[in-house]
Structure formats: C-alpha cells, structure tokens
Amino acid sequence: MSSEDESANIVSNEEKPISTVSHKRRVRFPSDESQLRMISIAPEPLADQPLSSLGVILQRYRGACQRLQIRPLNCLLEQLNTMDDRRKSFHDRLECLKIINERLDLKHIDAIEEILSRCRFYLLDVDSSFSDDSTLVQFFDVIEYYESCTHLNLSNNRSINFQGYQALTRYMRKTRFLERLDMNSIRFDDTSMLGFGRSLRMSTTLYELHVESCQLNGKILQKLIQNIRACPCLRELYLCDNRLQVQDSILINDLIRSCGQFLNVLDLRSNSLQDNGMSHIASQLSQYDEHHTHQNTIYKLNFQSNQLTYQGVGFLAKSLLHNRTIRSLNLSHNPITNEGLFLLRDALLTNRTINELILRNCRLTDQAVIALAEFIAESSVIQYLDLRENNIQASGICGMAIAMKSNKSLLKVDFDPMDLSVNSSLNQNIDRTTTNTNSLLSLSNLRRMTVGLGSFNSNNSANNSNPAMNNNNSRELNEQKAKWMNDIECICQRNLLLYEDQLRRQEVEQITNNHEEIVTNGNDQQESSITTPNDILLEEDVPLESINDENLTTVTEHNSEDISTTTNDNSQPIEILVNGIHDDIEQSEDINQEKEQASNDLDNNQEQSINEISNNHNSNDEEITAETVDSLPNGDNQETLQTNMIESTLVNSESIPVTFEDDENEGDDGKQQIRHSDSLYLLRKKTVNDDDDDDDGNNTSDDESQISSIIEPTRSIIDGV
C-alpha cells in the first residue's frame, strides 16, 4: 500500500503546475557597453600561406591525380607549364585558369583543389565542364573557401538544376571578391530563374553580369528584371543575342526606369528591337530630372545589330537632346544611311556629353561624313569615332581632315585601311600646330571645298576610255587620300599628348590639394591645442602680479608637449611644420631669458627712481595740506581728501614692479599708466595753486620743475625699453 500511495503522490505532483519558486530570480544587464569584453574576427583561410611556385603546384597536382587514380587534365598541365608567374605573395593572383569542354567529377575537383589551395586567379573559366549538380556543389565549396577568382565563367553548363543554383546562391552570399559572372548560353525556365534570381539578390559584390544567348524574353526577362532590382551593386548588364522583340522593349523601358539609378552599362546587341522598340526605349532615356533625384546613370548604350533605320535614329536623337548621362553610343551594323546621320548630327550639336560614337557598317557615304565633320569641328568632347566598313571616298576624308584642324579633343578615328603603302615623304600636309577656332566649318563650306574631288572621282569612274590615265588618276587620288588620313592620325596623336598632359596636371593638382588639406587640418589641430598667455589671462582673470616669466616658460613647454602628441599620426609635411614650431618656441624662450635679465636691471633702477619720487611727493603733500586745510571751505576739504586718496593709490601703483612681456601692446599700456599718473599729479597741483595766494606761485613752479626733472629720465628709460 505504501508503494501505491507514493506512486499516487508522484503522479499528483506531476499534474500540478509549478506556480511559485523557492527564491526570486532577477536578471540584470548593464546599461552601458561594459559587458563587451572582446571582439573576435574570424581569420582568413590560408592568410599565412607561403608562396608556392608553379613547379611545386604542378607536382602536387600530379601527385593528387596519382593518388586518386585519375588521368591529369592536359589543359591544366599546359597552362601550369607556360603560365607567367609574377606573384610576390599568396594574395597576388594569376591571370586565368581555363577548364573547357572537360567532364569533371568529384575526383577531378579534389585534384584541382591542390591547385586552388596554393594560388588564386582573376578568371576561372569552366565552360561546358559540369554534368551533374554534385560536382558543381563541391566546386562552389572549394572556390568559396579559397576565394579563388574574381571572374567566374559558367557558360554552356545547361545541366545546372535546383541544387546547383542553391550552391551558387551560397557562394555569392559568402564571397567577397566575385565581380563578374558569365551565364551565357544557359536555358532558363521558371524554376531555374527562381534559383538564379535568389543568388542575384544575395550578392553584395557582383559588378558585371553577362546573360547572353539565353533566350531571355517575355516572362523570363520580366522575372530577371525583378531580381535585378534587388541587386544594387550591379553596374553592367549584358543582354546580347536574346531574341528581344518589339514587345520586349517595354520591359527594357521598365528596366531603365527602375534600375537606371545604379546601372552604368546596358548592352543590347544582336536583338530585334527595330524602330518601334527604339521609340519605347528613347521615351525613357529622354526623361530629364531637374532635381537629380531619380535620374538614370547609364553612360554606355549598345544598339548594334537591332535592325534600326533612320526613323529609329530619329527617336534616339530626340532623346539625346534631353539626356545628359550617355557618353558612349554604338549604332553599328544598322542601316541608318545618310538621313539618319543628319538627324543624329543635329542632336550631337546640342548634346555635350557623348565622347564615343561607333558607326561601323551603317551605309554611310561622303555626304554623311561631311555632315559629321561639322560636328567634329565644333565639338570639344568627342574622343573616339569609328567609321569603318562604310563607303567613304576621298571627299569625305578631305572634309574630316579639314575639320580636325579645329578640333582638340578627338583622340582616335578609325577608317578602313588603305592598300597603298604611303612613304614617309608624304609629310607636306596641313598645319598640325596652329588652329583657327574662329573659322568653324559648316556643311555648305565643306561641300563647296570637296565638290571638285567628288566630281573628279565620279568622272574617273565614268570615263574608262583611257585605262592608263585612269590608273594614274586613281593612284594620285589614293596618295592624296592616304596623305589626309596621315594628317588625321597626326592630329589625333597631338590631341592625345595634350590629353595626357592635362591628366598629368590634374593628378598634380589633386596631390597638391590633398597636401594642402592635410596641412590645414594639422594647423587647425595645432591652433586648437596651443593656448597663448593672453588667452590664459582672459579665461582665468589672473592679475598681472601672478604672471611672471617662469609661468610663461611652463606654458610654452606644455604647449610644445601638446603639439608633439597631436602630430605623431600626421604625415611628413606636418612633422616638418611642427619641428619649425618647436624651433620658434626655443628661440622665444631664449629671448625671454634675455629680457628677464634686462627687466631685472630696469626694475632696480625704476624702484630707486620711483621711491625718490614718492618721498618727494609725500613731503610736498604734507607741506601743502598743512597750509591749505584751514583756509579752504568744506567742499575744498573734500576735494583735497579725494586728491590725497588718488595720490596714495598712484604711489602704491608706482611701487609695484613693472613686468615686461613679449607682447608690445602690454609695454605700451605700462607707458600710458606712468604718463597718466604724472598728468593727474600736475592737475592736482594746478587746482591747489589756483586757490592760493600769489606768493605761493613760486613754490608751485619750483615743484613742477622738480617733478619734470625727475620724470624725464624715467620716460627716457621706458622709451628705450
């Protein structure tokens, strides 16, 4: 029975909830940060890894392959044997490591880890090398641990599934060095785009993304744009050869509107946007924000091979009238013809930001080049111009050469190469040094100058009756064309030298400005730390008697210590400046010591002279007061008492030894005090003598002469000091 009762009690106790405790429990946390004792940062893997040569790495790789019983990859053996090694430490990177069209498995990844654990690369190219997700997961773990690359190429790996994208997401979330990712020729669907979009959102270092030839259109492109919005670190986006149609231009418009604040480069090559698609994109590019709050920062656009005509270029030209961010424009391989270039020329004359214009294979002729030459003559921003694969003859080259005479910014012009070899004797060309900025060319003037050459060229093509004459004329024309091209190249070289000189001057100015900022910051710190004796007097209200030379020397020593402590962390120019300040302080201390000796001698002389003056004043005052007290009324008695009080205070002030400090103003104040006391004494004597009889006038004159004879030597001494 007892055992049954005990079990029943135990069951009843277990069923009852615990409502109270035997003692009070309180948890308190400190209000300040005193509980934070130490901060620990995880060490970087292989931070102290020694530098291994490529020969040692090659031996390690072969040994790993032999241990794992696999065949070494020939591409890795060739690269390790021929690679240029310029590393000085483990943290330095080699150029690239390519593993292309190789079927990698887990054993190969283990062997490649022997290479990746001992050297790092800028580019790691594994194009078409993975067949399953397990190998890819292990590969991402290895490159994430060793931070093996800054540019990863995963193109043509179409077997990436859900686990592979999960591993890519973990890698992009943890890595600190990945800047570029290539995912070209990968077929994305809804699930794969979901995993890839998650990896983009997790990235914090990705700068450049290439998704070319991936058939990104419609809903897939829309999902990609939604994920790119959550990746503000991205700066360059390449959507080349994705079969973008006119309806996809609306999505591109949304991309520019939502991501244009952080995107800088947008590449849309080899698509089919056409003129209607360009109208949608240009409408977003033309929106100019006056307050610069939502303005896009895209400065490079590439519309190569998008089936654009002069109408599409017209839409783009209207947007350039309001856009102030685009600096590079590529319209190559689009049939824009001369009409499109005329529209573009009018916009370029207003736009002052485009410095790179690529018009390769745009079906341009001499008239278009002459129209472009007018822009070249007036532009101060354009730096590069590409006119290759166009039907440009001698007249267009001549117009460009004349326009280059007024240009100082164009650094390079690309034309189709000439078959005729030009000798060095063809140097009698246009003047390369003098430029006439006032003679700006117009389209009519250039046409008037080159109309003869154009007709000459057409006549040569029409008249085939005399083959020998035609050959001579064509040879002369080609020589003249080559001469003009040589002139353009020489002017571009001159502009390049001027541009490099300008950059050099800007660097020097920036260095000097930084140096001046450092010096001014050091001076501000010194001024805040140095306190002068005058500042001490004003702040503490110390009387003059308490300030002596010993206090001044201690103050200067204390200030010099403050200067030395505040300038230890500054740069070398500030240390030189502080050393000069120390020298000045030492010199001031020597001067103070010399002035101490001079002031002591002067104090002794002044004390003797002032004592004599005070004794004479006291004797004269006793005589005068004894004679005049009885004869004066009550008001006069009060005046005499006041004058006696003033005299006593003056004598006491004169008995105080005068201290000469470094400040000249204080010395002047001392002189004014002595002269003011003398004038008060004479004024008092004069008022007293006016009320006395005429017989007492001789005594006053004797007293004044006596006082003047005593005061003049003291004034001369003070003036000398």
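Here the structure is a predicted model, which is why all the values come from computation and not from measurement. (Residues numbered from 1 in each chain as written. Predicted model: local features only at pLDDT ≥ 70, side-chain atom pairs only at ≥ 80, totals over all residues. Heavy atoms only, no water.)

Topic: the overall build of the chain
Secondary structure assignment for the chain yields 22 helices and 12 strands. For the chain, the proportion of its 721 residues judged to be buried stands at 40%. Restricting the contact set of the chain to residue pairs at least 6 apart, pairs at least 24 apart contribute 85%. (Helix = DSSP H or I, 4+ residues; strand = E, 2+ residues; numbered from the N terminus. Buried < 20%, exposed > 50% of the residue type's maximum accessible area, 1.4 Å probe, protein only. Contact = heavy atoms within 4.5 Å.)

Points about the nonpolar core
One broad rule of soluble globular proteins: the nonpolar side chains tend to lie buried together. One finds L152, F196 and L359 to be the most contacted residues of the largest nonpolar core, which totals 129 residues. With residues near it in sequence (within four places) discarded, L359 still touches L331, S332, I336, L341, L344, L364, L372, D386, L387, R388 and N390. (Core = buried A, V, L, I, M, F, W, Y, C linked by side-chain atoms within 4.5 Å.)

What to know about helix α14 (residues 394-404)
Counted residue by residue, α14 has 10 buried out of 11 residues, so it is predominantly covered. Inspection of α14 places A394, S395, G396, I397, C398, G399, M400, A401, A403 and M404 among the buried residues, and these make up the whole buried set.

Topic: the side chain of D414
Following the sequence through the fold, D414 ends up in strand β12 (residues 412-414). Within the buried core, D414 has no salt-bridge partner, and the shortest N-O distance to an opposite charge, that of K412, equals 4.0 Å. Separated by 2.5 Å, the side chains of D414 and Y384 make a polar contact. Residue contacts for D414: discarding those within four places in its chain leaves Y384, L385, D386, L387 and R388. (Lys, Arg positive; Asp, Glu negative; His and termini not counted. Salt bridge = Lys/Arg side-chain N within 4 Å of Asp/Glu carboxyl O. Polar contact = N/O pair within 3.5 Å; in protein donor to acceptor, adjacent residues only side chain to side chain.)

Focus: the sheet that holds strand β3 (residues 151-153)
The pairing of strands in a sheet comes from backbone hydrogen bonds and takes either a parallel or an antiparallel form. Taken in spatial order, the 12 strands line up as β1-β2-β3-β4-β5-β6-β7-β8-β9-β10-β11-β12 in an open sheet, and their pairing is parallel. Looking at which strands have only one partner, the edges of the open sheet turn out to be β1 (93-98) and β12. Averaged over neighbouring strand pairs, the angle between their axes works out to 5° when direction is ignored. Pairing geometry for strand β11 (residues 384-386) and β12, over three bridges, is parallel. By the bridge assignment for β12, L385 is matched with V413. (Pairing = 2+ DSSP bridges. Axes fitted to C-alpha atoms, helices over the stretch in contact; angles between N-to-C directions.)

Focus on the packing of helix α11 (residues 310-320) against helix α12 (residues 337-350)
Packing of α11 against α12 brings their axes to within 9 Å, and their N-to-C directions diverge by 5°. By the criterion of interaxial angle, the relationship of α11 to α12 is roughly parallel. Where α11 abuts α12, its residues Y310, V313, G314, A317 and L320 lie against T337, E339, G340, L343, L344 and A347. The residue makeup of the contact of α11 with α12, split by class, is seven nonpolar, three polar and one charged. (Parallel < 35°, antiparallel > 145°, perpendicular 65-115°, else oblique. Nonpolar A, V, L, I, M, F, W, Y, C, P; charged D, E, K, R; others polar.)

Notes on the pattern of salt bridges
Within this structure, the stated rule accounts for 17 salt bridges. In this structure, D386 and R388 form a salt bridge, with 2.9 Å as the shortest nitrogen-oxygen distance. For D386, a relative accessible area of 3% puts it in the buried group. Residue class for R388 comes out partly exposed when judged on its relative accessible area of 25%. R475 is the partner of E479 in a salt bridge, and the nearest nitrogen-oxygen pair spans 3.0 Å. Highlighted residues: E479 and R475, both in helix α16 (residues 467-529), separated by four residues, approximately one helical turn. On the basis of relative accessibility, which here comes to 27%, the residue E479 falls in the partly exposed class. Look at the salt bridges and you will find they share partners, linking R180, D182 and E208 into a network.

Description of the pairing of strand β2 (residues 120-125)
Summarising burial for β2: five of the six residues are buried, a large majority. Direction of pairing for β1 relative to β2: parallel, over a ladder of five bridges. Following the sheet pairing, L97 is matched in β2 by L124. Once the chain exits β1 it traverses helix α4 (residues 106-116) before rejoining the sheet at β2, and the crossover so formed is right-handed. Here three bridges tie β2 to β3, and the two strands are oriented parallel to one another. Paired with D125 across the strands is N153, a residue of β3. Assessed by its sense of winding, the connection that carries the chain from β2 through helix α5 (residues 133-146) to β3 is right-handed. (Right-handed = clockwise from strand over helix to strand, strands pointing away.)

Quick notes on unusual backbone geometry
Although it is not a glycine, D241 sits at a positive phi angle of roughly 55°. With respect to the element layout, D241 can be found in the loop between β6 (236-238) and α9 (248-259). Relative accessible area serves as the criterion here: at 38%, D241 is assigned to the partly exposed category.

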